[in-house]
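Chain by chain, the residues:
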Amino acid sequence: MDPPVVIVGAGPAGAGLALCLARAGVAVTLVEATPLDRLDRQFRGEALMPHGLAALDAMGLLPLPAAVPQRVLTGWRFVLDRRELFRLAEPLEPSPAGLACTLISQPALLRHWLEELRGLPTAQVLLGQRASELLLHNGRVGGVQLADGRRLAARLVVAADGRGSRLRQLADLALLRAGSPIDLLWFRLDGHDPSPLAGWFTTVVGPEGLFSAFDSASGGVQLGWVVDRRPADATAGWSAPHSGSRSWAERFAAQSPPDLAAWLRASAGGLQEPVPLRVEVGQAQRWWRPGLLLLGDAAHPMSPVRAQGINLALRDACTAADELLAALASTPNADPAAPGAPGEALDRVLARIEARRRPESEAIQTLQAEETRRGNLLRQQGWLRHGLALAAPWLGPVVARRWQRQQTPLRLGTTGLPARGQSPS
């Protein structure tokens, strides 16, 4: 019997690919360092853009399970110096083809997928287990060793273990960092009344800075405050406000429109301590080496702008499933490291996956950087921000149309995906 495909990392890329392969009868072992009961203790993106929903559809993973908290985003709202510049309703694309951005509880979705995997005869799920070493055979990756000493042989190892990927480092696949001018402080606020956001993803820019706020799919409000990039060792003070003794709730409220400001002040007791998020952007020098494939943030850590991390991870998984199913089905049971063995054909498939996916991830990173540049300009140039705010009744519709055009590739992607039915369902 062939050894399984070993996938390390049970985020959207790893768990989604594992489910696709296991449903199609491929033996899969999914390894995840985080225990099941701690999946929701990490910050995880919630927004599924139309191109992420399209990937789920192509993989046969729509509709979303009813048990997974979810809500369709009402739309996008931009506020400058406490004045509304514009708002646009979802979906931004014309109906009936347009799909609305949908917020989900990512931990709940991952738990649902893991539960299904555990019930499939072709799948094994190992939670709370860390892959500590790569197993090599004649220069080819042939499995992983776990921290407890167990050795898992593999036909293929997929590293979907996030932006700090240990397997990427063990494989000597250097991360080419693009750099970022910003980092984030991420807050959760549980208010005593429903928020006045009413489902609008609201971005606020004022004299003190820039933040975004939205009603989370699982309840409460999430807020992200932009801070200038700091040295890696200078994050300890991030939890403290930067303006004397004023609380973070007051800082948010001071530059919000009146309805949101009043709610933030009334709900100040529900604002939790922020989680510092260091924005790491880059591309792995190469996404594969013989017997190993990188996917998701392990291959291309993304900026948080417009939630591209989860969406590109799903698109990676969709393309990888499309390519790997045919390749694994045609690979007989043989020593993958022997000269001329089927492993060489599999490696050509890994190269093809990178060739299909890398251009889109690079293009999206460029677009994210440009959107960050525009946001920083408004954050740092008070005269421009204030002028736009005063002229909002006249300039708002013009800015809205331009912003909408700029969002198209961030929402629809820049490359195609397999049609539904080509990937497993």
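Here is a short report on the structure shown in this document. Quick caveat: nothing in here was measured; it's all calculated off a predicted structure.

The rules behind each value
Residues numbered from 1 in each chain as written. Predicted model: local features only at pLDDT ≥ 70, side-chain atom pairs only at ≥ 80, totals over all residues. Heavy atoms only, no water. Helix = DSSP H or I, 4+ residues; strand = E, 2+ residues; numbered from the N terminus. Buried < 20%, exposed > 50% of the residue type's maximum accessible area, 1.4 Å probe, protein only. Contact = heavy atoms within 4.5 Å. Axes fitted to C-alpha atoms, helices over the stretch in contact; angles between N-to-C directions. Parallel < 35°, antiparallel > 145°, perpendicular 65-115°, else oblique. Nonpolar A, V, L, I, M, F, W, Y, C, P; charged D, E, K, R; others polar. Core = buried A, V, L, I, M, F, W, Y, C linked by side-chain atoms within 4.5 Å. Salt bridge = Lys/Arg side-chain N within 4 Å of Asp/Glu carboxyl O. Pairing = 2+ DSSP bridges. 1 Å grid on protein atoms, 1.4 Å probe; cavity = no way out; pocket = protein on both sides within 12 Å on 5 of 7 lines; lining within 4 Å. Points joined across faces, edges and corners; volume = space filled by probe spheres on them.

Check the secondary structure of the protein and you find 10 helices and 21 strands. Taken across its 425 residues, the protein has 56% of its residues classed as buried. Intrachain contacts of the protein at a sequence separation of at least 6 include 75% that bridge at least 24 residues.

Moving on, we come to the packing of helix α9 (residues 382-390) against helix α10 (residues 392-412). Between α9 and α10, the least distance of the axes is 6 Å, while the angle of their chain directions is 100°. Relative to α10, the element α9 lies roughly perpendicular. Along the contact surface, α9 presents L388, A389 and L390, while α10 presents A392, P393, W394 and L395. The residue inventory of the contact of α9 with α10, partitioned by class, reads seven nonpolar, no polar and no charged.

Of all hydrophobic cores here, the largest spans 55 residues; its most connected members are I7, L17, L21, L56, W113, L117 and L324. Broken down by element, the residue count for this core peaks at 11 residues, all from helix α7 (residues 308-329). Contacts of L21, omitting those with residues within four sequence positions, involve V5, I7, V26, V28, L324 and L325. Within the second largest apolar cluster, 29 residues are counted, among which are L88, L92, V226 and A307.

If the charged atoms of two oppositely charged side chains come close together, the side chains can form a pair. Across all of its chains, the model carries 29 salt bridges by this definition. Among the ionic pairs, R411 bridges to E93, the shortest N-O distance being 2.6 Å. Separated by 318 residues along the polypeptide, R411 in helix α10 and E93 in the loop between β6 (83-89) and β7 (102-104) bring together distant segments of the chain. Relative accessible area serves as the criterion here: at 2%, R411 is assigned to the buried category. A salt bridge links D347 to R140, with the shortest nitrogen-to-oxygen separation between them at 2.7 Å. A residue pair is termed long-range when its members are at least 10 positions apart, and D347 in helix α8 (residues 342-380) and R140 in strand β10 (residues 140-146) qualify at 207 residues. Side by side, D347 and R140 carry an identical accessibility label, which is buried. In the salt-bridge network here, residues are joined through shared partners; they are R306, E370, E371, R373 and R374.

In this section: the side chain of R358. Here R358 shows up in helix α8. On the basis of relative accessible area, R358 is assigned to the buried category, the value being 14%. Discounting residues that sit within four places of it in the chain, R358 has contacts with Q283, A284, Q285, R286 and W287.

Strand order in this open sheet of three strands is β9-β10-β11, and the pairing throughout is antiparallel. Only two strands of the sheet have a single neighbouring strand rather than two, namely β9 (131-137) and β11 (151-153). For this sheet, the mean angle separating the axes of adjacent strands, direction not counted, is 30°. Strand direction decides the pairing type here: β10 and β11, joined by three bridges, are antiparallel. Its bridge partner lying in β11, V144 is registered against L152.

Gaps left between atoms show up when a probe the size of a water molecule is rolled over them. Scanning all chains against the criterion turns up one cavity of 30 Å³ or more. Reported here for the largest cavity is a volume of approximately 30 Å³. In terms of lining, the largest cavity is formed by P12, L48, L56, I104, Q106, L109, L110, I310 and L314. When contributions to the lining of the largest cavity are tallied by element, the ones reaching two or more residues are α3 (106-118) and α7. Looking at the lining of the largest cavity element by element, the count peaks at three residues for α3.

Of all eight residues making up strand β17 (residues 221-228), seven are buried, and the element is well covered by its neighbours. Across five bridges, strand β16 (residues 209-215) lies against β17 in antiparallel orientation. Counterpart to F211 in the pairing with β17 is W225. The turn joining β16 and β17, which pair antiparallel and follow one another in sequence, is formed by five residues; a positive phi near 105° is taken by G219.

Before going further, it helps to spend a moment on the sheet that holds strand β5 (residues 75-80). One open sheet accounts for seven strands, arranged β6-β5-β15-β16-β17-β14-β18; its pairing is mixed. What marks the edges here is a single partner per strand, and that holds for β6 and β18 (275-277). The sheet shows a mean angle of 20° between the axes of neighbouring strands, direction not considered. Relative to β17, strand β14 (residues 182-189) runs antiparallel, the two sharing eight bridges. By the bridge assignment for β17, F187 is matched with L223.

As a further point, take unusual backbone geometry. That bond from L62 to P63 is cis: its omega, 0°, falls within 30 degrees of zero. By secondary structure assignment, the location of P63 is in the loop between α2 (50-58) and β4 (70-72). In this chain, E90 is followed by P91 through a cis amide linkage whose omega measures -10°. Its location among the elements puts P91 in the loop between β6 and β7. Even without being glycine, D172 reaches a positive phi, approximately 60°. Topologically, D172 is positioned in the loop between α4 (166-170) and β13 (175-177). Residue class for D172 comes out exposed when judged on its relative accessible area of 64%. Non-glycine residue R306 carries a positive phi angle of around 55°. Here R306 is to be found in the loop between β21 (292-294) and α7.

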